[in-house]
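Coordinate inspection notes
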Amino acid sequence: SQQGEEDPQALSIQEGENATMNCSYKTSINNLQWYRQNSGRGLVHLILIRSNEREKHSGRLRVTLDTSKKSSSLLITASRAADTASYFCATVMQSEKLVFGKGTKLTVNP
Amino acid sequence: DTAVSQTPKYLVTQMGNDKSIKCEQNLGHDTMYWYKQDSKKFLKIMFSYNNKELIINETVPNRFSPKSPDKAHLNLHINSLELGDSAVYFCASSYRTGVAGELFFGEGSRLTVL
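Residues numbered from 1 in each chain as written. Chains lettered and ligands numbered in written order. Predicted model: local features only at pLDDT ≥ 70, side-chain atom pairs only at ≥ 80, totals over all residues. Heavy atoms only, no water.

**Points about the pattern of salt bridges**
Where we set the bar: For this analysis, a salt bridge means a side-chain nitrogen from Lys or Arg found within 4 Å of a carboxyl oxygen belonging to Asp or Glu. Helix and strand definitions here come from DSSP, where helices need a minimum of 4 consecutive H or I residues and strands a minimum of 2 consecutive E residues; each element is numbered from the N-terminal end. Only protein chains enter the area calculation, which uses a 1.4 Å probe; residues under 20% of their type maximum are buried, those over 50% are exposed, and those in between are partly exposed.
Taken as a whole and judged by the stated rule, the model has 7 salt bridges over all chains. Ionic pairing is found between A:Arg41 and B:Glu107, a salt bridge with its closest N-O pair at 2.3 Å. Here the residue A:Arg41 occupies a position in the loop between β4 (31-37) and β5 (43-50), and B:Glu107 occupies one in the loop between β10 (104-105) and β11 (109-113), the pair thus bridging two chains. Residues A:Glu55 and A:Arg62 are paired through a salt bridge, measuring 3.2 Å at the closest nitrogen-oxygen approach. The partly exposed category is assigned to A:Glu55, whose relative accessible area is 40%. Through salt bridges with shared partners, a single network forms among B:Arg63, B:Glu82 and B:Asp85.

**Let's talk about the state of the cysteines**
All names here are of chain A. The criterion, for reference: In what follows, a disulfide is any cysteine sulfur pair within 2.5 Å.
Scanning all chains against the criterion turns up 2 disulfides over all chains. Covalent S-S linkage joins Cys23 and Cys89, the inter-sulfur distance amounting to 2.0 Å. Across the S-S bond of Cys23 and Cys89 the torsion is about 60°, and the bridge reads as right-handed. Note that Cys23 is positioned in strand β3 (residues 19-24) and Cys89 in strand β9 (residues 85-92), a separation of 66 residues in sequence. Under the relative-accessibility criterion, Cys23 is labelled buried at 1%. Overall, Cys89 belongs to the buried group, its relative accessible area being 0%.

**Let's talk about the confidence of the model for chain A**
For clarity, the cut-off: Confidence per residue, as judged by the predictor, is encoded in pLDDT with a range of 0 to 100.
Across chain A, the average pLDDT comes to 93, with 96% of residues at or above 70. Ranking the elements of chain A by mean pLDDT puts strand β1 (residues 5-7) of chain A last, at 83, and strand β7 (residues 61-66) of chain A first, at 98.

The following block contains the structure:
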């Protein structure tokens, strides 16, 4: 069953702008992960945030987690055309199973 | 040096045929997965193996049979293919820590059933 739900479904911005994507989920989690998928390619892991963490950074990426609201956000700062891709959140409960949301399609216009 | 490799990348076949997709990882991971991505980009887990042992088996038709000859390989065999099986199938691997961590994905195998 689907756990995460990204919002918006699609986002179009200009190069240099920031992009924010949100993910909401339904049940308690152990960790939440964000992945990027370029068109026609496999998924690439971006960042993992555990349920006892509130914020994590990796380069131009900033992820927040609010377990009381069951939501997470991914912020990409100073976006580039190469950031154009679909972004997925994935949640892990107390198991080996990673459950993906439907993704946000990000287009960064040069 | 490809970490998770899948073959074939593209597969076009007729309804009713049987086909296989192979996956190999050279990362030394214990756990391997098969995911199915439909035309709306929704990713759904199908199976997971840890060191040749099946640990996740989602509600998948029994026409789909995974096989893991060793911990570096996980193959997917599909019998009596149907139109609805058309999708991109992704293999992934990870270290096993009891709770799923970072997954490493292959490039996908696009299956088209005519």
